[in-house]
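Examining the three-dimensional arrangement
Okay, here's what each chain looks like letter by letter:
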Amino acid sequence: MKLTKISAAVLTVCLGSTAAMAAQDVYTKGVEVTATRVTRDLMDVPMSVGVVGEKEIAKKGTALVGRLVEDVPGVQLTTNGMPGQQYVKIRGEDVDRTVILIDGQRLFEQKSMIGTPILVDPSSIERIEVIKGPASVLYGSDAIGGVINIITKKGGDKPLQGSIGLSYDGSADGFSQNASVYGSYNGWNYRLSGSNSDYKNFNAPDGVTMRGDSDFDTHSLSGFLSYDFTEDLTMGVTADWYKGNYNTPFPVGDEDTYNDFFVKIKPWERKKLGFFADAKNLNDYWARLRFDVYVQDTSKKMQNFISPNMSPAPMVMTVNNFTDNTNQNIGVSVQTEWQLGENNYLIAGTGIQTDDLDGSTNTYQNMTIMGRPYSNSASFTDIEASQNTYYAFLSNETILPADLTATYGVRFTSVKTSLDKYNVIGGRAYDIGSDTSSNTSFNFGLVWRGIEDLAVRANWGQGFRVANAEDKYYLTTMGGGTIEPNPDLDPETSNNFELGARYTGDKLDLDVAAFLSLADDYINTKTIGDMRYRYENVGKATTYGIELTASYELPYNITPYASMTWMRRQFDYGGILGETYDTGTPDFTYRAGVRYEHDFGLWTFTADTYARGATDRDEESESEGVITKTHHAGYTTANIELGALFGDKRQYSVTAAVLNIFDKEYYVNDSLPEAGVHAVVTANARF
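Predicted, not measured: the structure shown is a model, and the values here were computed from it.

What counts, and where the lines are drawn
- Every residue gets a number counted from 1 within its own chain, in the order that chain's sequence is written.
- In view of the model being predicted, local features appear only for residues whose pLDDT reaches at least 70, and side-chain atom pairs are presented and counted only at 80 or more, with totals across whole chains, interfaces and linings using the full set of residues.
- With hydrogens and water set aside, each side-chain value is computed from the structure's full complement of heavy atoms.
- What counts as a helix is a DSSP run of H or I of at least four residues, what counts as a strand is a run of E of at least two, and both are numbered from the N terminus.
- Values of accessible area rely on a 1.4 Å probe in the Shrake-Rupley scheme; residue burial ignores everything except the protein chains shown.
- A pair of strands is treated as paired once DSSP finds two or more bridges between them.
- Working convention: axes come from line fits to C-alpha atoms, limited for helices to the stretch in contact. Angles between N-to-C directions cover 0 to 180 degrees.
- The pairing test for Phe, Tyr and Trp rings, Trp by its six-membered ring, is centres within 6.5 Å, and the orientation test on the planes gives stacked under 30 degrees, edge-to-face over 60, and tilted for anything in between.
- Either the NZ atom of lysine or the CZ atom of arginine qualifies as a charge over a ring when it sits within 6 Å of the ring centre and within 35 degrees of the ring normal.
- pLDDT is a per-residue confidence score from the predictor, ranging from 0 to 100.
- Only heavy atoms matter for contacts: two residues are in contact if any of them lie within 4.5 Å across the pair.
- Residues are called lining when one of their atoms sits within 4 Å of a cavity or pocket point, these points coming from a 1 Å grid over the protein atoms alone, where a cavity is a set in which a 1.4 Å probe fits but cannot get out and a pocket is an open set with protein on both sides within 12 Å along at least five of seven lines.
- Grid points are joined across faces, edges and corners, and a volume is the space filled by probe spheres set on the points.
- What makes a nonpolar core is a set of buried Ala, Val, Leu, Ile, Met, Phe, Trp, Tyr and Cys residues whose side-chain atoms join them at distances within 4.5 Å.
- Each residue is placed in one exposure class: buried if its accessible area under a 1.4 Å probe, protein chains only, is under 20% of its type's maximum, exposed if it is over 50%, and partly exposed if it falls in between.
- Pairing of N or O atoms within 3.5 Å defines a polar contact, subject to two protein rules: one partner must be a possible hydrogen donor and the other a possible acceptor, and residues neighboring in sequence count only if both atoms are side-chain atoms.
- We count a salt bridge whenever a side-chain nitrogen from Lys or Arg sits within 4 Å of a carboxyl oxygen from Asp or Glu.
- In this scheme, patches are assembled from residues that exceed 30% relative accessible area and form no salt bridge. Like charges are connected within 9 Å, while nonpolar side chains (Val, Leu, Ile, Met, Phe, Trp, Tyr) are connected within 5 Å.
- Only four residue types enter the charge count, namely Lys and Arg as positive and Asp and Glu as negative; His and the chain termini do not.
- To locate a charge, the coordinates of NZ of Lys, CZ of Arg, CG of Asp or CD of Glu are taken.

1. Regarding the overall build of the protein chain
Across its full length, the protein chain carries four helices and 37 strands. Carbon together with sulfur atoms contributes 56% to the accessible area of the protein chain, which is approximately 28000 Å² in total.

2. Observations regarding the sheet that holds strand E10 (residues 125-132)
The strands making up a sheet associate through backbone hydrogen bonding, with each pair oriented either parallel or antiparallel. The five strands lie next to each other as E5-E10-E11-E8-E9, forming an open sheet whose pairing is mixed. Because the sheet does not close on itself, it has two edges, and the strands there are strand E5 (48-52) and strand E9 (105-107). Pairwise comparison of adjacent strand axes, ignoring direction, gives a mean angle of 25° for this sheet. Bridge analysis of E5 against E10 gives five bridges, and the strand direction is antiparallel. Within the sheet, the bridge partner assigned to Gly50 lies in E10 and is Val130.

3. A short note on the packing of aromatic side chains
A full pass over the atoms with the stated rule returns 20 aromatic pairs. Considering the side-chain rings of Trp603 and Phe605, the 6.4 Å spacing of their centres and the 80° angle between planes classify their relative orientation as edge-to-face. Clustering of aromatic rings is evident, with ring pairs tying together Tyr596, Phe600, Trp603, Phe605 and Phe646. Seen from the ring of Tyr182, Arg191 lies directly overhead, with NZ or CZ sitting 3.9 Å from the centre. Against the face of Tyr391 rests Arg411, its NZ or CZ located 4.2 Å from the ring centre.

4. Things to note about the confidence of the model for the protein chain
For the protein chain, per-residue confidence averages 84 on the pLDDT scale, and 88% of positions sit at 70 or higher. Taken as a whole, residues 1-39 scores under 50 in pLDDT and shows 167 contacts with residues more than four places along the chain or in a different chain.

5. Some words on empty space enclosed by the protein
If you roll a probe as big as a water molecule over the atoms, it shows you where there is empty space left. Tallied over the entire structure, the rule returns nine cavities of 30 Å³ or more. Put simply, the largest cavity is a space of about 170 Å³. Lining the largest cavity are 22 residues; nearest its centre among them are Met47, Pro134, Leu138, Asn443 and Asn459. Secondary-structure elements contributing two or more residues to the lining of the largest cavity are E10, helix H3 (136-139), strand E23 (433-448), strand E24 (454-465) and strand E26 (492-504). When its volume is computed, the second largest cavity comes out at roughly 140 Å³.

6. Considering unusual backbone geometry
Most peptide bonds take the trans configuration, and most residues that are not glycine carry a negative phi. Following Lys266, the chain continues to Pro267 via a peptide bond in cis, the omega torsion being 0°. With respect to the element layout, Pro267 can be found in strand E17 (residues 258-280). Even without glycine at this site, Asn186 takes up a positive phi of about 50°. As for its position among the elements, Asn186 is in the loop between strand E13 (174-185) and strand E14 (188-199).

7. Details of the environment of Val668
Relative to the helices and strands, Val668 resides in the loop between strand E36 (652-659) and strand E37 (678-686). Along the primary structure Val668 and Ala633 are separated by 35 residues, whereas in three dimensions their C-alpha atoms are 9.8 Å apart. The residues touching Val668, leaving out its near neighbours within four places in the chain, are Leu77, Arg617, Tyr635 and Glu674.

8. Comments concerning the nonpolar core
Note on soluble globular proteins: their nonpolar side chains tend to be buried together. Counting residues in hydrophobic clusters, the biggest one holds 22 residues, and the most contacted among them are Met82, Tyr246, Phe261, Val263, Ile265 and Trp268. Broken down by secondary-structure element, the contributors of at least two residues to this core are strand E16 (233-248), E17, strand E18 (286-308) and strand E19 (315-340). Ranked by the residues each element gives to this core, the list is headed by E17, at five residues. Those residues in contact with Met82 that sit more than four places away from it in its chain are Tyr246, Thr248, Val263, Ile265, Trp268 and Leu672. Grouped together as the second largest cluster of nonpolar side chains are 20 residues, Val65, Ile102, Leu107 and Ile118 included.

9. A closer look at the pairing of E36
Of the two faces of E36, only one is covered, namely that formed by Ser653, Thr655, Ala657 and Leu659; the face formed by Tyr652, Val654, Ala656 and Val658 stays uncovered. Hairpin connection between strand E35 (residues 635-646) and E36: a loop of five residues separates the two successive antiparallel strands, and Gly647 in this loop has a positive phi of roughly 90°.

10. Things to note about the side chain of Glu674
Mapped onto the elements, Glu674 comes out in the loop between E36 and E37. Take Glu674: its relative accessible area is 6%, and that puts it in the buried class. Within the structure, the side chain of Glu674 is placed 2.5 Å from the side chain of Arg67, a separation counted as a polar contact. Ignoring sequence-local partners within four residues, the contact set of Glu674 consists of Arg67, Phe202, Pro205, Tyr666, Val668 and Asn669.

11. Points about the pattern of salt bridges
Tallied over the entire structure, the rule returns 36 salt bridges. Lys153 is the partner of Glu54 in a salt bridge, and the nearest nitrogen-oxygen pair spans 3.5 Å. Residue Glu54 is located in helix H1 (residues 54-60), and its partner Lys153 is located in the loop between strand E11 (146-152) and strand E12 (161-169); the two are separated by 99 residues in the primary sequence. On the accessibility criterion, Glu54 (37% relative accessible area) is partly exposed. With a shortest N-O distance of 3.6 Å, Lys472 and Asp435 are connected by a salt bridge. Residue Lys472 is located in helix H4 (residues 469-473), and its partner Asp435 is located in strand E23; the two are separated by 37 residues in the primary sequence. The exposure class of Asp435 is partly exposed, given its relative accessible area of 29%. Taken together, the shared-partner salt bridges connect Asp94, Asp96, Arg97, Arg106, Asp142, Arg465, Asp471 and Glu492 into one network.

12. Remarks on a negative patch on the surface
Side chains of Asp324, Asp356, Asp358, Asp382, Glu384 and Asp420 sit close together on the surface and give a patch of like negative charge. Put simply, the parts of the chain that give the negative patch at least two residues each are strand E20 (344-369) and strand E21 (372-400). You can call Asp324 partly exposed: its relative accessible area is 33%.

13. Here we look at the pairing of E37
Looking at chain direction, E12 and E37 are connected through seven bridges and run antiparallel. Residue pairing for E37: Ile164 is matched across the bridge by Ala685.

14. Quick notes on the environment of Gln462
In this structure, Gln462 sits in strand E24. Gln462 gets classed as buried once you look at its relative accessible area, which sits at 17%. Sequence spacing of Gln462 and Ala143 is 319 residues, and the spatial spacing of their C-alpha atoms is 9.1 Å. Separated by 2.9 Å, the side chain of Gln462 and the backbone nitrogen of Phe442 make a polar contact. Of the polar contacts made by the side chain of Gln462, one reaches the side chain of Asn495; its length is 3.3 Å.

15. Section: the environment of Leu508
Here Leu508 is to be found in strand E27 (residues 508-529). Among the residues examined, Leu508 registers a relative accessible area of 29% and is labelled partly exposed. When the C-alpha atoms of Leu508 and Ala550 are compared, they prove to be 7.4 Å apart, with 42 residues separating the residues in sequence. The contacts of Leu508, once residues within four sequence positions are left out, are Tyr503, Ser551 and Tyr552.

16. Overview of a nonpolar patch on the surface
Together, Trp188, Leu225, Phe229, Met235, Val237, Phe275, Phe291, Val332 and Val334 give the surface a local cluster of nonpolar side chains, amounting to about 710 Å² of exposed area. Secondary-structure elements contributing two or more residues to the nonpolar patch are strand E15 (216-230), E16 and E19. Within the secondary structure, Val332 sits in strand E19.

Pasting the structure below:
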């Protein structure tokens, strides 16, 4: 797969959040794409956008969506210590500053501790679009780091088609199966899909001892049905169900902190039902009218058991938390698109999104001294909270003289955050409250196409993030610590500046981007005591770096390639810690390798040998006036992937990979190591 091929993701609103309607994943020179009924070359987009296509997704053979985007420059993964769940960071920003969309419809949780989980089956994904840098004009609150838009598969091109897939992932002796039936007939388009995965205990590198269970399993069903009333009018419905069960073991290396620790989530479940109507070519000027509505429920039942290491004191304390949360999201949006003469294409949209939380937490604390009971306590908490978002936006594309194209827009957003109920028995209560925050964001981008095969781009975009109800109003005790709310939090704001160039020639593909992000009133936790934290508006965060992807096709279908991100990130905490570059962000992340492909007539052979790695990273933290610095070693892993495609349309495929060949022990987060040497085998067939 040519990593440097970038696809457009521009200017569409969907279901309570703006969607990226990017082009299909393509790898040939000069391909034009139609985004919101405008024909545009892939080179004409002023933003940094990375696309992972269906073929690459099928080869991965993983139940983890994060693994599908880990090699996109600027992307980092974290598990938060939970095998089976991966969260995405873009350009160093935390997970809760990345917007997650499924078909343009936002996933959101107000009580997730770290950010929004990606609860979707990889086998149902057609492509993933990664939009890097603040994009709040198009995507609203939280789009400071960027956006992950997951586009799912829809209908087909025949009345009856099908597919099946099987995979084995040796990182946890995991098996996955998926199947789908789909097609198009006489105006009807449909798809019905299902999947199942079962992963056993995580296989750590040799010499690393894992304590406790680390297994997980996932299950999903999805359906799509639409009808083309005319060539220009389509209506349809979508339905999704996804459920996962997860066990998180004792964190490696935390024996001095805990006597025992585990997290169990059984289940984490998402259900969604949506409707859309899409009308095109209404008159000479009115190009499109789109209406969307959806209802989505995300529920989670979690147990977190904590026993801190209190030695040399002769006491043992255990804390057992049980949480039951349900988030309901409702989104309604209307989008219109206008062709204003030959040189202007305007999109205007408005929408409402409501996010309601109904949660309860029961906490039991026991203490013994010298093996004898000393004290017992319990607290019971019921929470009802909401966050309602109202927005309107304009975005215009103008063709200018001198081979320039400008894209610019404005968005107004109003967010009301409320704590409607907070009943606490046996613990401290916080005040019920509400707050309304508003923001107006702007963006402006230019692309110059004065030389064939070359596009030079410049982009400025604004981002913002409104604190959710958890940040503002209620205490969180899960995850091995206690985080106190702060009702006085201000919204975060940021400005991103980017310069880049793309070149797509007969042999060489090259994309380079330099970026600078300046964030004010940055929301982060500050240590206020032993395992106690509080949300605060940090003075600012500054991030800058360079992203590069390149590939060159040699004779005999041999293609060396490389992708690299150099990034520096600084927090200004104020107080004792002050400014620091030790923010846990590696200076360099990279992947470099060689691909090979050869057609033998009846079948096609593919090979990919590559190294993946990151430099070391340091992280500073402050507790009760004491500054602690933690060092995390860098790493490089060796990997190989071999594949074969069969059939007259290459509709059958088998891929086998060996990853982390030298069994390297390394970490991309602070809780669990990545898997040791392991194999991944996938088989897929289309009928």
